[in-house]
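This is what each chain is made of:
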Amino acid sequence: MKAPPINPGATAGARTHRAKADLLKPLGLPGEMPADWQARALHKFGELLGRRRSLALSLDICARCGACADKCHYFLGTGDPNNMPVARAELMRKVYRRYFTTAGKLAGRLAAAEDLTEDVLNQWYTYFYQCSQCRRCAVFCPFGIDTAEITMAAREIMASIGVAPKYVTEVVKKAHDIGNNLGIPEAAWLDSCQFLEEELKEETGADIKIPVNQKGADVLLVPPSADLFANTDTMMGYAKLFHAAGISWTTSTYASEAGNFGLFLNYDQLKKVNLRLVDAARELQVKRLVIGECGHAWRAAQAFMDTLNGPLDFLESPRPEHICELAARLIREGRIKLDKTKNDGLSVTYHDPCNLARAGGLTEEPREILRAVLNDFREMPADTIREKTFCCGAGGGLLTEELMDVRMKGAKPRVEAYRTTGANCLATPCAICKAQFPAVFQHYGLDGQIVGVMDLLGKAIII
Amino acid sequence: MALLLPALLYAAAAIFLIGMGWRIWRWLRTPSPLVIVLTPGPKTSSGVARRLVEEMFGFRSLFKADHLFWVFAWLFHLSLLLLLGGHLGGLVFPKFSQTALGLTEIQFEWLAQVAGSAVGVLAMATLLALLVRRCAAERPRRISTISDFFALALLLLIIASGNQMRFMGGLDLMQSRRFVSGWLAFSPAAPPSDPVFTVHVLLICALLVYIPFSKLVHIGGATLLSPTLNQRNNPRDRRHVNPWDALPAHSPRQSP
């Protein structure tokens, strides 16, 4: 997509509602900004500089070459210069220079250093919540500078002085209190599973179970909770897959959420939310963990879980597996039978969720599955898929009503890529993408279904 | 005056070495708590080595970003590397280089003249291209700070003064060699009388002092140390411990 002309301040007003004490305090954060917020923020900043090389290095070495400038979907969609990854990082870098570098302390503005004022804090809150931590910019940076690391650090600093979005903190709190991001209580979870079992019976005539809290099952499947309500075809797809392959499995009401919004807030919450998965697996005495269709959940599970709350050696297989890896393996081994024609009429393209492609190394398995379960699969242009995939526009904790304008604009590069395919169906294994795209399709007047990979597998599988 | 220039150069070199050492040591001691390698990433150490070599010597990511910009950036860095090598070979170890290359003295001086001229022109041309890009292209202009232009100007002046001596000046090559080798051997000799030589060396002093405190610090291993590029993509196969969070902060829930 061609870069738009620069439009200063285009999205300066797009900001999420701030969380109040009722949400902040339970997460161990100050209920309101303390009087000495600046000193506290800088203290946290210093702490993170000593703890994360990605941050310390990125703040020092950026050459402002601009290779990343036109790679961010939010910049491409909005033209706001602060959405150029380098400029977004400069918001943090100018404060870094002022307080942590010799040049900035001595030369001030001449060295592009700036005080951490309330205005700067507002800029941070605006633009570090207009970054979906998708890491596309990092793919093009000659030093591998990852803006997601800078965004995460800025959010962690802000959280430490009680500045955090209502949306993200609300979701994290629900995950702690109830076990999932949607706040589905145990009774409703059980009801819903039963309802889906009836649906499955009606559709296939077989007794396909969606087990809950079943001790000693082989697999603990942790789906995004949206799969139980919004994306029920995905949930039924999992059930059919396990049934057809004869694998004993269970879900858990304690860890009924794969997603981890702690990743969008701070390390502490990332770790705490993740712990529920490990505890549930231990308690249910399963042999292994399988993660459902969710992008950042996969990052948290495959890259972080063992470090955060491991070792996972109490499991027979300590390697968490993604449902797409499992399904592709079962197809390769011939353990499930498929009828491709069941998906005839659908012309499908695949949207790589950022976290699967750039942080989870999972790009080929979903394609393998799609090619096995349908006849008409087509790719979007090469510079918009795999490691160069464009975010749906709502990742990183941005899937909230207040940011609708930014979300729609940020989806533009993906929409343009989709249009070139002539497909009538967009498949993607990520609950956030699946929640975002219906709004996007409506906004841009696109026709087509939005489905999960397991939805299509579920249709083709022979029970 | 004869000793002032070497003295300044010693001071600048000391600041450069200590400054760079300090920066690199600080990066090295800062842990990477989590596996954040960009995927698809190499699973093995040799794969990582290959990725880093491609990045450092081929600017692979930059190539993906912008082909034309890559051409200028890569050629510019290459020419700087060649200039550094040329100064080493031509000024510091001329005898050794001549023997190593198996050339007669006349052949060697001719090669130094031709190659040095070519690289000097290349460095100048590519640096000007980068400067024009920074001034003229909308996005690079927008993100540029004073220090970005300062770095380019400093390098431009160093290269320009070098080229002036090669193409227009009456530089005493022998005296230059004596000056440089003497300086390296801690027995300083007088610099050549050409004032441009003095300016060239003074600018180099400024650059040496400037590097550790600016973005140019990236020559100290930016790519090499970057966790998104130098980690192995194996978090499920090998335990990665966060050194500042080695113990679980929360005791695992007990089975009922």
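Refer to the structure above for everything that follows.
Everything numeric in this text was worked out from a predicted model, so none of it was measured.

With that settled, consider the layout of surface pockets. In this model, the second largest pocket occupies a volume close to 660 Å³. As for the second largest pocket, its lining consists of 30 residues, and the residues nearest its centre are Thr101(A), Ala103(A), Gly104(A), Phe213(B) and Ser214(B). Elements with a contribution of two residues or more to the lining of the second largest pocket: helix H3 (53-61), helix H5 (85-100) and helix H6 (102-107) of chain A together with helix H1 (4-29), helix H8 (146-167) and helix H10 (195-210) of chain B. Across the lining of the second largest pocket, the residue classes tally to 17 nonpolar, 6 polar and 7 charged.

A separate point is the interface of chain A and chain B. With 75 residues of chain A at the interface, the matching set in chain B holds 61 residues. Between chain A and chain B, a total of about 5,900 Å² is buried, with carbon and sulfur atoms accounting for 54% of that surface. Remark: the boundary between chain A and chain B carries 8 salt bridges. Arg239(B) serves as the salt-bridge partner of Asp306(A), at 2.8 Å between the closest nitrogen and oxygen. If you look at where chain A meets chain B, you find 35 residue pairs in polar contact (both at pLDDT 80 or more). If you list the elements that add at least two residues to the side of chain A that touches chain B, you get helix H2 (37-51), H3, H5, H6, helix H8 (136-140), helix H14 (267-283), helix H15 (295-309) and helix H17 (354-358) of chain A. Its residues assigned to classes, the side of chain A that touches chain B comprises 41 nonpolar, 10 polar and 24 charged.

Turning our eyes to something else, we now look at the sheet that holds strand E5 (residues 348-350) of chain A. In a beta sheet, neighbouring strands pair by backbone hydrogen bonds and run either parallel or antiparallel. Residues and elements named next belong to chain A. Ordered by their spatial adjacency, 4 strands build an open sheet running E6-E5-E7-E8, and the pairing between neighbours is parallel. At either end of the open sheet lies a strand with only one pairing partner, and these are strand E6 (377-378) and strand E8 (449-451). In terms of strand pairing, E5 meets strand E7 (residues 425-427) through 3 bridges, oriented parallel. Of the residues in E7, the one forming a bridge with Thr349 is Leu426. Contacts from helix H22 (residues 453-460) reach E5, E7 and E8, with the element oriented near 90° to E8.

One simple way to see leftover space: roll a probe sized like a water molecule over the atoms. Residues and elements named next belong to chain A. Scanning the model with the defined rule gives 6 cavities of 30 Å³ or more in all. When its volume is computed, the largest cavity comes out at roughly 200 Å³. At the level of secondary structure, the elements contributing two or more residues to the lining of the largest cavity comprise H3, helix H9 (147-160) and H14. Considering every element that reaches the lining of the largest cavity, the biggest residue donor is H9, with 4 residues. Its residues assigned to classes, the lining of the largest cavity comprises 11 nonpolar, 4 polar and 5 charged. Quantified by volume, the second largest cavity comes out at close to 110 Å³. Counting residues per element, the ones that place at least two in the lining of the second largest cavity are H15, H17 and helix H21 (431-444). Here the lining of the second largest cavity is built from residues that sort into 8 nonpolar, 8 polar and no charged.

Moving on: the pattern of salt bridges. Pairing of side chains with opposite charge becomes possible as their charged atoms draw close. All chains considered together, the criterion is met by 46 salt bridges over all chains. Between Arg23(B) and Asp60(A) there is a salt bridge, and its shortest N-O distance comes to 2.8 Å. A residue pair is termed interchain when its members come from two chains, as with Arg23(B) in helix H1 and Asp60(A) in helix H3. Across the pair, Asp60(A) and Arg23(B) agree in class, each one buried.

Conventions and cut-offs
- Residues numbered from 1 in each chain as written.
- Chains lettered and ligands numbered in written order.
- Predicted model: local features only at pLDDT ≥ 70, side-chain atom pairs only at ≥ 80, totals over all residues.
- Heavy atoms only, no water.
- 1 Å grid on protein atoms, 1.4 Å probe; cavity = no way out; pocket = protein on both sides within 12 Å on 5 of 7 lines; lining within 4 Å.
- Points joined across faces, edges and corners; volume = space filled by probe spheres on them.
- Helix = DSSP H or I, 4+ residues; strand = E, 2+ residues; numbered from the N terminus.
- Nonpolar A, V, L, I, M, F, W, Y, C, P; charged D, E, K, R; others polar.
- Contact = heavy atoms within 4.5 Å.
- Buried area = accessible area lost by both parts, 1.4 Å probe.
- Salt bridge = Lys/Arg side-chain N within 4 Å of Asp/Glu carboxyl O.
- Polar contact = N/O pair within 3.5 Å; in protein donor to acceptor, adjacent residues only side chain to side chain.
- Pairing = 2+ DSSP bridges.
- Axes fitted to C-alpha atoms, helices over the stretch in contact; angles between N-to-C directions.
- Buried < 20%, exposed > 50% of the residue type's maximum accessible area, 1.4 Å probe, protein only.

Geometric values such as these leave the question of function open.
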